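Overview (structure and organization)
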Amino acid sequence: MNDKRQLQEPLRVAVLGSGNGSNAQSIIDSIETGSLNAKITCVISDVENAYILERARKHGIHAEFISAAPFKTKLEGDAEKKYIALMQSFQTEVVVLAGFMRIVKTALLTAFPNRVLNIHPALLPAFPGMESWKQALDYGVKVAGCTVHIVDEGTDTGPILVQKSVPVLENDTPATLHTRIQAEEHKAYPEALTALASGRVRLEGRRAVIE
Ligand code: GRF
């Protein structure tokens, strides 16, 4: 997956998010502490006052609100074109979805083939979709977690890069379980990006092999 890039150069990552941006923060922190050889080219949000934009600006990262209207749940049409154009203008290699509350469509996936990543708060393929931590609790599983995967045309179906597990405790509420999962998310995304940045990821069918 990495054969064309110069491995000593920082991996050029764009981050898309709609909310708090704690995953974006974990990536920023990993870069700033030197554990991840990457550069965030831009942060884009479909929500004008999303905190993720403020977090990025605090670190001198280009941060932009781009409306995705008229669609409510997907990124398509003119908005999609604007997102792609901005990311390409910064020579983005990898697109990181970090709490981006929209389905991304073919044009974006084609512009960054096998290079759009998502983080999902469950051990996929269990509990795709919304509020997975609540689904896990309601189902009664004893182990929950998070997954970083390559985005394909399906929902939460692409090749898995990194998974982290957490125990489900008897007295967990959706909020306490979500918090424990999020702490692992903040390790999982930097780990997946570090593997990509160092050229250690190879795709074998739907298996992402990390060497
Ligand atoms: C995370 O829990 C992630 O799993 C889900 O959206 C949330 C984003 O959180 N896809 P944040 O905006 O990174 O804090």
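Residues numbered from 1 in each chain as written. Predicted model: local features only at pLDDT ≥ 70, side-chain atom pairs only at ≥ 80, totals over all residues. Heavy atoms only, no water.

**Some details on the overall build of the protein**
The helix and strand inventory of the protein stands at 6 helices and 11 strands. In terms of overall size, the protein behaves like a compact globule, its C-alpha atoms giving a radius of gyration of 16 Å where 211 residues would be expected to give roughly 17 Å. Counting only C-alpha atoms, the protein reaches 50 × 40 × 35 Å along its principal axes. The proportion of buried residues among the 211 residues of the protein is 47%. Counting contacts in the protein only where the partners sit at least 6 residues apart, residues at least 24 apart contribute 65% of the total. Accessible surface, the protein: about 10,100 Å² in total, of which carbon and sulfur atoms supply 54%. (Helix = DSSP H or I, 4+ residues; strand = E, 2+ residues; numbered from the N terminus. Rg over C-alpha atoms; globule rule 2.2 N^0.38 Å. Buried < 20%, exposed > 50% of the residue type's maximum accessible area, 1.4 Å probe, protein only. Contact = heavy atoms within 4.5 Å. Areas by Shrake-Rupley, 256 points an atom, 1.4 Å probe, with all protein chains shown as cover.)

**Section: the domain arrangement of the protein**
Per the domain assignment, the segments of the protein are domain 1 (10-113) and domain 2 (119-211). The straight-line distance from the C-alpha centre of domain 1 to that of domain 2 is 19 Å. Contacts between domain 1 and domain 2 engage 18 residues on the former and 14 residues on the latter. Interface of domain 1 and domain 2: buried area, both sides summed, is about 1,300 Å²; carbon and sulfur atoms make up 67% of it. Counting the surface domain 1 buries against domain 2, the share from its top three residues, N23, L36 and L109, is 32%. On inspection of domain 1 and its partner domain 2, the count reaches 0 salt bridges. The interface formed by domain 1 and domain 2 includes 4 residue pairs in polar contact (both at pLDDT 80 or more). Those elements giving two or more residues to the side of domain 1 that touches domain 2 turn out to be β1 (11-17), α1 (22-32), β5 (94-97) and α4 (106-111). Its residues assigned to classes, the side of domain 1 that touches domain 2 shows 11 nonpolar, 7 polar and no charged. (Domains from an automatic or database assignment. Buried area = accessible area lost by both parts, 1.4 Å probe. Salt bridge = Lys/Arg side-chain N within 4 Å of Asp/Glu carboxyl O. Polar contact = N/O pair within 3.5 Å; in protein donor to acceptor, adjacent residues only side chain to side chain. Nonpolar A, V, L, I, M, F, W, Y, C, P; charged D, E, K, R; others polar.)

**What to know about the site of the ligand**
Around the ligand sit N20, G21, S22, N23, G99, I119, P121, H178, Q182 and E185, and that is every residue in its neighbourhood. Interatomic distance of 2.5 Å between a side-chain N/O atom of S22 and an oxygen atom of the ligand. Contact with the protein chains hides 86% of the accessible area of the ligand, taken as 370 Å² for the molecule alone. Element by element, the count of residues in the shell around the ligand is highest for helix α6 (residues 174-197), at 3 residues. Residue composition of the shell around the ligand, grouped by class: 2 nonpolar, 7 polar and 1 charged. (Near = heavy atom within 4 Å.)

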